[in-house]
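Descriptive structure summary
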Amino acid sequence: MAIQVLNVSAGNALNRLSEPLKQRIVAAQTDALEFEFPSAHDLCARALADLKIAIEPPLEARDWPASDVGDKSAKELVDFYANILARNDVPEQAIPLQAVNLAHRTQLLRAFRDPDRVISDTCAKVVAIVATFPNTAEEIRCGRNPGDVLDPYILGAAQTLMCAGDFEHTISATVSHKVLMIIEGLLGHLHEDVIGAMRGNVRAPEPRGKDQETLDPESNPFPGADIVQPPLASGRPLRFHQVKSKTGSAKGGDGRRLGLQLSELKRVYGGEAYYVALIGNTLRGHRSMAGVLRAAPDVVVLVGEAAFRELTGSVAGPQLLLRLYQSSFDVAARQTGYSFQSVVSTIVMAFRERAGELGEDFLEAVLHDAIGGDATQQDSRFFVPIRRKRGSIEK
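Residues numbered from 1 in each chain as written. Predicted model: local features only at pLDDT ≥ 70, side-chain atom pairs only at ≥ 80, totals over all residues. Heavy atoms only, no water.

Things to note about the overall build of the protein chain
Secondary structure summary: the protein chain contains 16 helices and 7 strands in total. A principal-axis box enclosing the C-alpha atoms of the protein chain has dimensions of 80 × 60 × 45 Å. Within the protein chain, buried positions represent 41% of all 395 residues. Considering only contacts in the protein chain between residues 6 or more positions apart, those separated by 24 or more positions represent 66%. Total accessible area computed for the protein chain in this model is approximately 21,100 Å², and 54% of it derives from carbon and sulfur atoms. For the protein chain, the distance from the average site of its 44 positive side-chain charges to the average site of its 49 negative ones is 6 Å. (Helix = DSSP H or I, 4+ residues; strand = E, 2+ residues; numbered from the N terminus. Buried < 20%, exposed > 50% of the residue type's maximum accessible area, 1.4 Å probe, protein only. Contact = heavy atoms within 4.5 Å. Areas by Shrake-Rupley, 256 points an atom, 1.4 Å probe, with all protein chains shown as cover. Lys, Arg positive; Asp, Glu negative; His and termini not counted. Charge placed at Lys NZ, Arg CZ, Asp CG, Glu CD.)

This is the structure in structure tokens:
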């Protein structure tokens, strides 16, 4: 029997999606906080049980909705649990740590039906990205793209203007820049995946096939949307969200395309469309907002806390995300053992050795490696690009 999406008409285009995708949508519709935890007492009891703390939540919490506790700030939750622990004769010296752990666990349970799985999946992604952090001087001299070489003029400016002439500090700053760029890309994807796993949300599937811009219920059901929020009750709107890390994450020229895609989603499925940036406290300076609104005036553009409220359904949404990331980054750091200082020391030594080989100083050696090469590879009149075909490399 075909799955029917809840709280929409039988003729809604959502019911023409693939069965696995409809199954994910219905699961999101049935994992709301109040469905799993009818009261705040139930939520607190689960947090206490998960941490194997054998005490009962206050009886009066049976009369509170779960959100009364789940949407408290981290500080409010710590104070809340500290009082409960103290009333249950927990040793005073143990209360601060246990209260913090309970607050953390409660926020994770507020955000996710299965927080441990989400943490595990996020850790795996972080560990995979840490494996791409630079480890050698060659990775600093040239990135994955053969044209992405270390610029000796930028390096010279950094050495003089930022590092007081210190060679090792200059290399450290350069490696830091490379790592931070990788982390920035990682977070952009994590935001989509992790928020897409929160209660009531569905991560939109990546488009497949040759035409990845046009809506197709089978191969590309939600072009322009990163996260879909199906209606949790009759009368609530279906919502589509295009998510960016911050207001400057998208180029101004992308606005019209995104606006048209979001409008098409509304035309086909109904509902509301949002263009959100997580980091930022004002829409001033938003690069692509004007283009989106020109193409689709009814799209709602949000930033900062307003964006988090819509995406997470909680005033504590930013903290919920931060808690999960802190857990994941901590586990990933222990698993990988990546040592930034050790990597910098190794790279510094390699740059010094290279300068010694060439009989030049540090910057001149970098200049030599950045511009030297075969003339036939540097002049378009002689250059023959290498083409990849069916897994082989051919000229």
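Concerning the pairing of strand β4 (residues 272–279)
Of all 8 residues in β4, 6 are buried; the element is thus mostly enclosed. Looking at chain direction, strand β3 (residues 239–246) and β4 are connected through 7 bridges and run parallel. Counterpart to H241 in the pairing with β4 is Y274. Two strands pair when backbone bridges link them, and β4 and strand β5 (residues 300–303) are joined in this way by 4 bridges, in the parallel orientation. Counted as the bridge partner of Y274 is V300 from β5. As for the winding sense of the linkage, the β-α-β connection from β4 through helix α12 (residues 289–295) to β5 is right-handed. (Pairing = 2+ DSSP bridges. Right-handed = clockwise from strand over helix to strand, strands pointing away.)

Remarks on the sheet that holds strand β1 (residues 202–203)
What the 5 strands build is an open sheet, ordered β1-β2-β3-β4-β5; its pairing is mixed. Unpaired on one side and paired on the other, β1 and β5 mark the two borders of the sheet. As defined by bridge partners, strand β2 (residues 227–229) adjoins β3 across 3 bridges and the pair is classed as antiparallel. Opposite V228, over in β3, you have F240 as the bridge partner. Docked against the sheet, helix α11 (residues 255–269) engages β3 and β4, running at close to 140 degrees with respect to β4. (Axes fitted to C-alpha atoms, helices over the stretch in contact; angles between N-to-C directions.)

Focus: the side chain of N220
Secondary-structure assignment places N220 in the loop between β1 and β2. When sequence neighbours within four positions are dropped, the list of residues in contact with N220 reads P207, D211, Q212, E213, T214 and L215.

Considering the packing of aromatic side chains
With the rule as written, the count across this model stands at 9 aromatic pairs. Taking 5.2 Å as the distance between ring centres and 80 degrees as the angle between the ring planes, the aromatic pair formed by F133 and Y338 counts as edge-to-face. Of this pair, F133 sits in the loop between α7 (115–130) and α8 (137–141) while Y338 sits in the loop between α14 (317–336) and α15 (340–358), and the two are 205 residues apart along the sequence. The buried category is assigned to F133, whose relative accessible area is 8%. Classification of Y338 as partly exposed rests on a relative accessible area of 23%. Ring pairing ties together the aromatic residues W64, F80 and Y81, which thus form one cluster. (Phe/Tyr/Trp six-rings, centres within 6.5 Å; stacked < 30°, edge-to-face > 60°.)

Regarding the environment of P217
Assignment of secondary structure puts P217 in the loop between β1 and β2. A sequence separation of 204 residues divides P217 from A13, and the C-alpha atoms of the two residues are 8.0 Å apart. What P217 contacts, discounting residues up to four positions off in sequence, is R16, L17 and Y269.

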